[in-house]
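# Residue-level structure breakdown
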Amino acid sequence: MACEVHLRGLAWDHRRCWGPLDASVSTYCAARPGLTIEWDRRSLWEFGEGRLESPTANYDLIIYDHPFVGEVARDGLMVDLSTLLSQTQRKAFEADSLGPCWQSYCFDGGVWALPIDAAAQTASCRPDLLSRYASKPPRAFDEVLALGKSVAADDRYIAWPSIPTDVMCTVLTIAAGSGYLPSRKAPFLAQDELSHAMDALRQLRNLAHPLSTKWNPIACYDHMSAHDDVVYVPYAFSYVNYASSENQAPIAFTDIPAIGRGGASGALLGGAGIGVSACSKHVNAAFDYAVFLSGQDYQSGDYVRYGGQPGSLGAWTSEEADATANGFFSATRQTMLNSYLRPNVPGFITFFRQAAELTSSHLAEGDASGDAQLADQLNRIIESALSDTEHAA
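Anyway, here's the lowdown on the structure attached to this text. (Residues numbered from 1 in each chain as written. Predicted model: local features only at pLDDT ≥ 70, side-chain atom pairs only at ≥ 80, totals over all residues. Heavy atoms only, no water.)

## Details of the pattern of salt bridges
Opposite charge on two side chains makes pairing possible when the charged atoms of those side chains draw close. Stated precisely, the cut-off is as follows: For this document, the term salt bridge refers to a Lys or Arg side-chain nitrogen within 4 Å of an Asp or Glu carboxyl oxygen. Only protein chains enter the calculation, and the probe is 1.4 Å; a residue is then buried if its accessible area is under 20% of its type maximum, exposed if over 50%, and partly exposed in between. Only DSSP runs of H or I reaching four residues or more are called helices, and only runs of E reaching two or more are called strands; each is numbered from the N terminus.
By the definition in use, this model includes 12 salt bridges. In this structure, the salt-bridge partner of D128 is R126, at a minimum N-O distance of 2.8 Å. Look at D128 and you get partly exposed, because its relative accessible area is 39%. The partner of E320 in a salt bridge is R305, with the nearest N and O atoms 3.5 Å apart. Taken together, the positions of E320 in helix α15 (residues 319–324) and R305 in helix α13 (residues 302–305) put the pair 15 residues apart, joining distant regions of the chain. Residue classification places R305 among the partly exposed residues on the basis of a relative accessible area of 43%. Each member of the salt-bridge network shares a partner with another, and the members are R8, E38 and D40.

In structure tokens form, the structure reads like this:
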């Protein structure tokens, strides 16, 4: 008689995440008598801002955001998958990495998740609206500003999701795209580098839809699909689901506009990995399932068909997957390949949360005279956050 094994997994509550996970269960378990799998969901806020200690105590598999990797490794919350991956499997995942996706889950010699989902800040538009103003999406930042001024004459807008988290994400994108790689220690950004990014964001904010400051990417895309007043978005984390022809007004995603000389580069990497809880009583079974979900075969097929945004390079280069997603993968692949991986050292999340609120408040004031003070504050915060983490270790 087959041994009874029940795996519990925790996803985040969006079809992009749970759609292909739920779809995998019946097929995967049918070939493995005695195995049952259930997926629970948590909010997007809990996924990006919550802690992992409680989930790891109650689940075998957890989908989590890669900036947590430093804390995960330090606190032993997940199984180091380098102890389970065969040499062949590891080489296959490394070769199938979409830009820095594989690297984002590696820390201190270990592998703390497999890249199951990939995203970055990309541009997007309503093609039916954009065609009235331009033959193609903006390729450079000055073209974004010109478009914003042009559409304003018709009471339309460009938009930029700019709640505090997204403000800080775009600071990183603008800085990295300009050739200023934010440091994993103080100084985080030099004063002139931060001022360069803040000046770009002030110009965007002045042209953006009035509700932009209340939107995260999902809220922005929901509005964009249902209304005709947003023509183009230059920087926001991509969601393949909104490119579907099933939407009332499909959104076309494209590479980010160049802010420097490097073209579509520097976009902040997002996405998610699947990790095996250190508390799991079924580590091997959980690991095998994670490998299946993250492998190129499933990622290029049912993962895409059921609404997922895969972490596999093979999926992003598959013509069949691209057709299923209305060209989403080919249109944004260059941005993904040239994306920027933020530091994943312990303490960086603490810094990021504080920096996001501070930077957003400063941006709302609209005055460049405080940029130098902001730079000093951010550098003190990152120095303190990393120092506190080192002392706690």
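## Let's talk about the packing of aromatic side chains
To keep things clear, this is the line we draw: Classification of ring pairs rests on two measures: the distance between centres of Phe, Tyr or Trp rings, Trp counted by its six-membered ring, which must be within 6.5 Å, and the angle between planes, read as stacked under 30 degrees, edge-to-face over 60 and tilted in between. In this scheme, Lys NZ or Arg CZ marks a charge over a ring once it lies within 6 Å of the ring centre and within 35 degrees of the ring normal.
On inspection of all chains with the given rule, the structure shows 18 aromatic pairs. When the ring of F93 is compared with that of W102, the centres are 6.0 Å apart and the planes differ by 10°; the resulting orientation is stacked. For the residue pair F93 and W102, the accessibility class agrees, reading buried in each case. An aromatic cluster is built from W12, F47, Y221, Y239, Y242, F253, W316, F328 and F329, whose rings are joined through pairwise contacts. Of note, R16 hangs over the ring of Y239, and the distance from its end group to the ring centre comes to 4.5 Å.

## Some details on the sheet that holds strand β9 (residues 230–237)
Short version of the rule: Paired strands, as defined in this entry, are two strands with at least two bridges between them according to DSSP. Two residues form a contact once any of their heavy atoms are found within 4.5 Å. Inter-axis angles, ranging from 0 to 180 degrees, are taken between N-to-C directions of lines fitted to C-alpha atoms, where helices are fitted over the stretch in contact.
Strand order in the open sheet formed by four strands is β8-β9-β7-β10, and the pairing between neighbours is mixed. Two strands lie at the open edges of the sheet, namely β8 (157–158) and β10 (252–254), each paired on one side alone. The pairing of strand β7 (residues 121–125) with β10 spans three bridges and is antiparallel. Pairing of A123 across the sheet is with T254, part of β10. Sheet contacts for helix α16 (residues 328–337): β7 and β10; angle to β10, the most-contacted strand, approximately 25°.

## Considerations on the sheet that holds strand β11 (residues 272–276)
Remark on secondary structure: sheet strands pair via backbone hydrogen bonds, oriented parallel or antiparallel. With mixed pairing, five strands are arranged side by side in an open sheet as β2-β1-β3-β11-β6. Here the strands that pair on one side only, and so sit at the sheet edges, are β2 (35–42) and β6 (114–117). Direction aside, neighbouring strands of the sheet carry axes that sit 25° apart on average. Relative to β11, strand β3 (residues 61–64) is paired through four bridges, and the arrangement is antiparallel. Within β11, the residue paired with I62 across the bridge is G275.

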